[in-house]
Amino acid sequence: MTDYRIQGATGEWEVVIGLEVHAQVTSESKLFSGASTAFGAEPNSQVSLVDAAMPGMLPVLNGECIRQAVRTGMALDAQINPWSRFDRKNYFYADLPQGYQISQLYHPLVGEGSLRIEPEGGEPKTIGIERLHVEQDAGKLMHDQHPTRSYVDLNRSGVALMEIVSKPDMRSPAEAGAYVRKLRAVLRYVGSCDGNMEQGSMRADVNVSVRKPGGELGTRTETKNVNSVRFVMAAIEIEARRQVDVIEDGGTIVQETRLFDPDGNGGKGATRSMRSKEDAHDYRYFPDPDLLPLELDDAFLKAARASLPELPDAKRARYEGELGLSAYNADILTADVETARWFEAMLAENVPAKPAANWLTSELFGALNRMGRDLVDSPVSPKQAAELIALVADGTLSGSLAKQVFEIMLETGQGAGAIVEDRGLKQTSDTGAIEAEIAKVIAANPDKVADYKGGKDKLFGFFVGQTMRAMAGKANPGVVNDLLKKALDA
Amino acid sequence: MTNLTDLGIADIRDGVATGSFSAREVATAFNDAVVAGRALNAYLVETPELALAAADAADAAKALGDLKPLSGVPLGIKDLFCTKGVETTAASGILKGFVPQYESTISAKLFDAGAGMLGKLNMDQFAMGSSNETSAFGNVISPWKRNDGGNAALAPGGSSGGSSSAVSARMAPGATGTDTGGSIRQPAAFTGISGIKPTYGRCSRWGTIAFASSLDQAGPMARDVRDCAIMLEAMSGFDPKDATSLDLPVPAWETSLSGDLKGKKVGVPKEYRVDGMPPEIEALWQQGIAYVKDAGAEIVEVSLPHTKYALPTYYIIAPAEASSNLARYDGVRYGLRDLPDGANLQQMYAATRADGFGAEVKRRIMIGTYVLSAGFYDAYFTKAQKVRALIVRDFEQAFATCDVLLTPTAPSAAFGLGEKSDDPLAMYLNDVFTVPSSLAGLPAMSVPGGLDGQGLPLGLQIIGRALDEQSVLNAGLAIEQRAGFTARPGQWW
């Protein structure tokens, strides 16, 4: 694939992209308080005295959030800093009760790492991770509750976030999209973030600059809080184009914070300025004196590493290498942790891997797609699916019978074995019965037999079809083929 | 029968236990004294019903033989401690009307130990001040008067000036204080009482309104060393709600008290002999040295070379932390909200904070904001943190050759109200002897050492190794036993 370039009036431009992804840590309670983190609760129903920053309240670190962030860092092959510290980022806003966010500026929990991506249609590439640190989320302002007032919901206030900062290593929207997807996959494998972008569990700040290919880095802008992979890609494309236009019109790019408006520019999407560097906050970061430095001992680190699951790249290599799956299937089955989990639950029932993989990626995904459902809501369980695959493997069901049985499973929720039993859908290899039907078919079609014998080989399929129909679809196709050949060539 | 308000904590505890008087009689006597002493403006809120309720519980416990360590002892609580259902303002207009729905760990521990609450004590606003003149609700007046025939109203010290005044004027047998740079010790010295700031982390900060988190420590203020030990035992202990709380057992300080200093070395830091120190303070210091020698201690001269940087360091770190800690008072969720017509969020912040904070609080917020701002952070805050580390090391080195340090508590006796309020720097200089040990997080106490020429109390400060409150208390006791300090303010109110 050729490099991604923006065509400007003065020639080609290269885009340089870095992403800061905020990922909500999966934990029962908040980073520094015992309040619940469940999504969708009544406003201000999950707010402790600490989250509301009542006078005299103090933060106490939730160790589970740290454990999850450390595991994430390990999954990103990153340096884990056994000594880190929390800093206060000071600014005033109505959704920030303390008047500061507890974050990690000077000594982050996790240092440099990397993430391997495979952009669609592009070459695999390793994207550098600059750092990962842990911080508090803010609350939420609600402007639509009252004509003249804004309301504040503090349920999110204090929820733990991981900020994962990439190096400016991406060069196209496709690479950025692949990065977000892969990062989301890794987080979901690790179990440190549910990766749900619609619910705001994951969002990205997109840093974009443009330059002549291979030239000096340009001035970057930061587009905040982009909440889907599609929008990340769109925001980059639109912002890069905007920058090229500004520069080619003789302007300069201002370092600033921008917002992505997917409905802007007549529905094509646009970024617009939020604030420039001149009115940027002076956050007055300093070490939070309410918290001691965070020191991680070897036992903690060892336990965190031991708890890591097999990660997508390793799993995919194993599926191809050990299970002999096609690259395509291995890719699909490992892209999301739920799919891999489902597949492995099938394998746990001792079904052969290849047919299981084929069935999952074609039959099950096809059916779910028709029904508009996700794998987690599948009406068929891995165990039930394994039973179906096993019936094909042992010759009880033909491929077409299996399709029928699967449709019935989807409708009734019954198991494959029970369906076969109840409805007599078992494939037969009973040569006597098949030979009898073949004899009838031959007797009923003397002219076709003559044509076949005269060289019209294609008619063989007609005889197979007739025989299968006569057997109500239950004949073993291989046996039918053999017996027909014998009968016709006799 | 003795006047019950003349009794200290140990006397009340023991008297209730032996049945010499009831806890209700004690509470009633102090409740009456609180009312009679309103001219001192020591109490912001009076809670006689709470004192009586605790007293009745103590009397009932006595009947059942189930007395707790502080059963029957009514206390004053500094208004920096959040008290459930009782207005808590930190003496600031911005928290006027704020009634916490929670109890600070310190007040909860005291109440759990059987103590009652006489009321909430006035203080310098957000604990920022050395004279009580920064209170939004009027300054406290010291019960002490100069013996010059004049009638000048004197400062009770600060920030725990309501506490010092109330204990000194027999309006409470003991009170909680907090100490960030000397706010227990200096007012104790000004009013002729004892007060100890324990090692940082001994007392939980949960529910105590924050001034400077890395320095703030609660401690007791009482008539004598034993009473301080009793109260401190009840106040100390690990609190999982405070990440800086020390997870260590609380020593039995009271029963281990001993004024015998044989085998102990008392260090005298030469850098505390500051320029312009009044001769009376020097004389007091020498007297203190004589007392501890008499108690069997050996005197060693020690050096704390970075002492002169302590005050500037403190006045960078404390305001920096305060500027951030006080950001939560924004008019959004509780306390004062000024919302001028048509104001937006920024204007609401500005109006609320301009109106709600006093001048000294604003000054420190601005200093703190400045020293943390981009371009100045390294020159001020980072430098101050480094100097703080050197000050800690000074003490470590000094304690290699001695067990405790003996210094004056403050460079002067109580000054007149209004005398220094126009000169913040002169006011800050009051903390010159107390700030270094605060920066180092060390236990330090003030005990009365004598009177100056005008009949005003002067305090001696003992500083100990981290976690060695016992040696501090013991040295304090040795001085107390020899100083024979019995002076008390005449009751002019």
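Just so it is clear, the structure is predicted and the values come from calculations on it, not from any experiment.

Here we look at the overall build of chain B
Point 1. Along its length, chain B carries 15 helices and eleven strands.
Point 2. Seen along its three principal axes, the alpha-carbon backbone of chain B occupies a region of about 65 × 50 × 50 Å.
Point 3. Within the span of chain B, comprising 493 residues, buried residues form 63% of the whole.
Point 4. Within chain B, contacts between residues separated by at least 24 positions form 77% of all contacts whose residues are at least 6 apart in sequence.
Point 5. Summed over its atoms, the accessible surface of chain B is roughly 16400 Å², and 54% of this surface lies on carbon and sulfur atoms.
Point 6. Computing the positive centroid from 42 side-chain charges and the negative centroid from 52, chain B places the two 3 Å apart.

Here we look at the pattern of salt bridges
Residues and elements named next belong to chain B.
Point 1. Summed over all chains, the structure comprises 54 salt bridges over all chains.
Point 2. We note a salt bridge from D56 to R24, for which the minimum N-O separation is 2.8 Å. Taken together, the residues D56 in helix α3 (residues 48-64) and R24 in helix α2 (residues 23-36) connect sequence positions 32 residues apart.
Point 3. Judged by its relative accessible area of 33%, D56 is partly exposed.
Point 4. A residue is classified by how much of its surface remains accessible, and R24, at 37% relative accessible area, is partly exposed.
Point 5. For E282, the salt bridge identified is with R273, shortest N-O distance 3.1 Å.
Point 6. A relative accessible area of 22% means that E282 is categorised as partly exposed.
Point 7. Residue classification places R273 among the partly exposed positions, given a relative accessible area of 36%.

As for the pairing of strand β3 (residues 116-121) of chain B
If a strand is regular, its side chains alternate between the two faces of the sheet.
Residue and element names in this part refer to chain B.
Point 1. Across the six residues that make up β3, a large majority, six, are buried.
Point 2. Where strand β1 (residues 43-46) lies against β3, three bridges are found, and the strand directions are antiparallel. Note that in β3 the partner of E46 across the bridge is G119.
Point 3. Inspection of the sheet shows strand β2 (residues 74-78) paired to β3 by five bridges, in the parallel sense. Paired with P74 across the bridge in β3 is G116.

Some remarks on the interface of chain A and chain B
Point 1. On the chain B side, the residues contacting the 30 residues of chain A number 37 residues.
Point 2. Taking both partners together, chain A and chain B bury about 2800 Å²; carbon and sulfur atoms supply 60% of that area.
Point 3. Across the chain A-chain B interface, the total number found is one salt bridge.
Point 4. Where R205 of chain B meets D290 of chain A, a salt bridge forms, and the shortest distance between an N and an O atom there is 3.0 Å.
Point 5. Counting across the chain A and chain B interface gives 16 residue pairs in polar contact (both at pLDDT 80 or more).
Point 6. For the side of chain A that touches chain B, the secondary structure elements donating two or more residues are β4 (87-90) and β15 (286-287) of chain A.

A few points about the sheet that holds β15 of chain A
Residues and elements named next belong to chain A.
Point 1. What the three strands build is an open sheet, ordered β5-β4-β15; its pairing is antiparallel. Of all strands in the sheet, those bounded by a partner on one side alone are β5 (100-103) and β15.
Point 2. Summarising the sheet, β4 and β15 pair through two bridges and their orientation is antiparallel. Its bridge partner lying in β15, R88 is registered against F286.

Some points on the nonpolar core
Soluble globular proteins tend to bury their nonpolar side chains together.
Point 1. If you look at the biggest cluster of nonpolar residues, it comprises 161 residues, and the most contacted ones within it are L110, F126 and F395 of chain B.
Point 2. Per-element tally for this core: the top contributor is helix α9 (residues 310-325) of chain B, with nine residues.
Point 3. Look past the residues within four positions of F395 of chain B in its chain and what remains in contact with it is Y272, L304, L405, P436, S437, A440, L442 and I463 of chain B.
Point 4. L19, I66, L115 and A176 of chain A belong to the second-largest nonpolar core, a separate cluster that totals 63 residues.

Re the packing of aromatic side chains
Point 1. All chains considered together, the criterion is met by 29 aromatic pairs over all chains.
Point 2. Considering the side-chain rings of W359 of chain A and F406 of chain A, the 5.0 Å spacing of their centres and the 70° angle between planes classify their relative orientation as edge-to-face. With a gap of 47 residues between them, W359 of chain A in helix α9 (residues 353-371) and F406 of chain A in helix α11 (residues 399-412) connect regions that are remote in the sequence.
Point 3. Between the aromatic rings of F126 of chain B and Y329 of chain B, the centroid separation amounts to 5.0 Å while the plane-to-plane angle is 45°, which identifies the pairing as tilted. Of this pair, F126 of chain B sits in the loop between β3 and α5 (161-168) while Y329 of chain B sits in the loop between α9 and α10 (345-356), and the two are 203 residues apart along the sequence. Here F126 of chain B and Y329 of chain B have matching classes, each one buried.

Comments concerning α3 of chain B
Residues and elements named next belong to chain B.
Point 1. Under the 1.5 Å per step criterion, the end-to-end length of α3 is 24 Å for 17 residues, consistent within 8% with the ideal 24 Å.
Point 2. For α3, every residue scored as buried is listed here: A51, A54, A55, A58 and A61. Within α3, the buried residues cover an arc of 120° as seen down the axis, which keeps them to one side. Of the exposed residues in α3, the ones pointing more than 90 degrees away from its buried face are A63 and L64.
Point 3. Buried residues along α3 sit against α2 and β3.
Point 4. Looking one or two places after α3, you find G65, whose phi comes out positive at around 70°.

Things to note about α11 of chain A
All names here are of chain A.
Point 1. Given a rise of 1.5 Å per residue, 14 residues ought to cover 20 Å, and the 20 Å separating the end C-alpha atoms of α11 matches this to within 8%.
Point 2. Close packing links the buried residues of α11 with α9, α10 (382-393) and α12 (416-423).
Point 3. At the C-terminal side of α11, G413 shows a positive phi close to 75°.

A closer look at the environment of C228 of chain B
Residues and elements named next belong to chain B.
Point 1. On the secondary structure map, C228 appears in helix α7 (residues 225-235).
Point 2. Once the C-alpha coordinates of C228 and G174 are considered, the two residues, 54 residues apart in sequence, prove to be 8.1 Å apart.
Point 3. Not counting residues up to four positions away in its chain, the partners in contact with C228 are S194, G195, I196, P220, A222 and M445.

Comments concerning the domain arrangement of chain A
All names here are of chain A.
Point 1. Taken domain by domain, chain A consists of domain 1 (6-298), domain 2 (310-423) and domain 3 (431-489).
Point 2. For domain 1 and domain 2, the distance between their C-alpha centroids amounts to 37 Å.
Point 3. The partner domain 2 presents 13 residues to the ten residues of domain 1 that form the contact.
Point 4. Together, the buried faces of domain 1 and domain 2 total about 870 Å²; carbon and sulfur atoms form 52% of this surface.
Point 5. For R316, the salt bridge identified is with E118, shortest N-O distance 2.5 Å.
Point 6. Counting across the interface, domain 1 meets domain 2 through four residue pairs in polar contact (both at pLDDT 80 or more).
Point 7. Among the residues making up the side of domain 1 that touches domain 2, the classes are represented as five nonpolar, no polar and five charged.

Some thoughts on the packing of α9 of chain B against helix α12 (residues 377-398) of chain B
All names here are of chain B.
Point 1. The N-to-C vectors of α9 and α12 enclose an angle of 125°; their axes lie 9 Å apart at closest approach. Considering the angle they form, α9 stands oblique to α12. At the point where α9 passes α12, the crossing takes the left-handed sense. Packed against α9, whose contacting residues are A310, T313, I316, I317, A320 and E321, the element α12 presents Y380, F381, A384, Q385, V387, R388 and I391 at the interface.
Point 2. Of the residues contributing to the contact of α9 with α12, the split by class is nine nonpolar, two polar and two charged.

A short note on the confidence of the model for chain B
Point 1. Averaged over every residue, the pLDDT of chain B is 97; residues scoring 70 or more account for 100%.
Point 2. The ipTM value of the predicted complex is 0.96, and its pTM value is 0.92.

Points about the environment of D451 of chain A
Point 1. As for its position among the elements, D451 of chain A is in helix α14 (residues 446-453).
Point 2. Not counting the four nearest positions on each side in its chain, D451 of chain A is found in contact with K456 and L459 of chain A.

With respect to the side chain of H306 of chain B
Point 1. By secondary structure assignment, the location of H306 of chain B is in the loop between β8 (298-302) and α9.
Point 2. Those residues in contact with H306 of chain B that lie beyond four places of it in its chain are L390, I391 and D394 of chain B.

Remarks on unusual backbone geometry
Working note: non-glycine residues mostly have negative phi, and peptide bonds are mostly trans.
Point 1. Cis geometry marks the peptide bond from G158 of chain B to S159 of chain B; its omega dihedral reads 5°.
Point 2. Here S159 of chain B is to be found in the loop between β3 and α5.

So, how was this worked out
- Residues numbered from 1 in each chain as written.
- Chains lettered and ligands numbered in written order.
- Predicted model: local features only at pLDDT ≥ 70, side-chain atom pairs only at ≥ 80, totals over all residues.
- Heavy atoms only, no water.
- Helix = DSSP H or I, 4+ residues; strand = E, 2+ residues; numbered from the N terminus.
- Buried < 20%, exposed > 50% of the residue type's maximum accessible area, 1.4 Å probe, protein only.
- Contact = heavy atoms within 4.5 Å.
- Areas by Shrake-Rupley, 256 points an atom, 1.4 Å probe, with all protein chains shown as cover.
- Lys, Arg positive; Asp, Glu negative; His and termini not counted.
- Charge placed at Lys NZ, Arg CZ, Asp CG, Glu CD.
- Salt bridge = Lys/Arg side-chain N within 4 Å of Asp/Glu carboxyl O.
- Pairing = 2+ DSSP bridges.
- Buried area = accessible area lost by both parts, 1.4 Å probe.
- Polar contact = N/O pair within 3.5 Å; in protein donor to acceptor, adjacent residues only side chain to side chain.
- Core = buried A, V, L, I, M, F, W, Y, C linked by side-chain atoms within 4.5 Å.
- Phe/Tyr/Trp six-rings, centres within 6.5 Å; stacked < 30°, edge-to-face > 60°.
- Expected span 1.5 Å × (residues − 1).
- Arc of directions from axis to C-beta.
- Domains from an automatic or database assignment.
- Nonpolar A, V, L, I, M, F, W, Y, C, P; charged D, E, K, R; others polar.
- Axes fitted to C-alpha atoms, helices over the stretch in contact; angles between N-to-C directions.
- Parallel < 35°, antiparallel > 145°, perpendicular 65-115°, else oblique.
- Left-handed = near helix turned anticlockwise from the far one by under 90°.
- pLDDT = per-residue confidence, 0-100.

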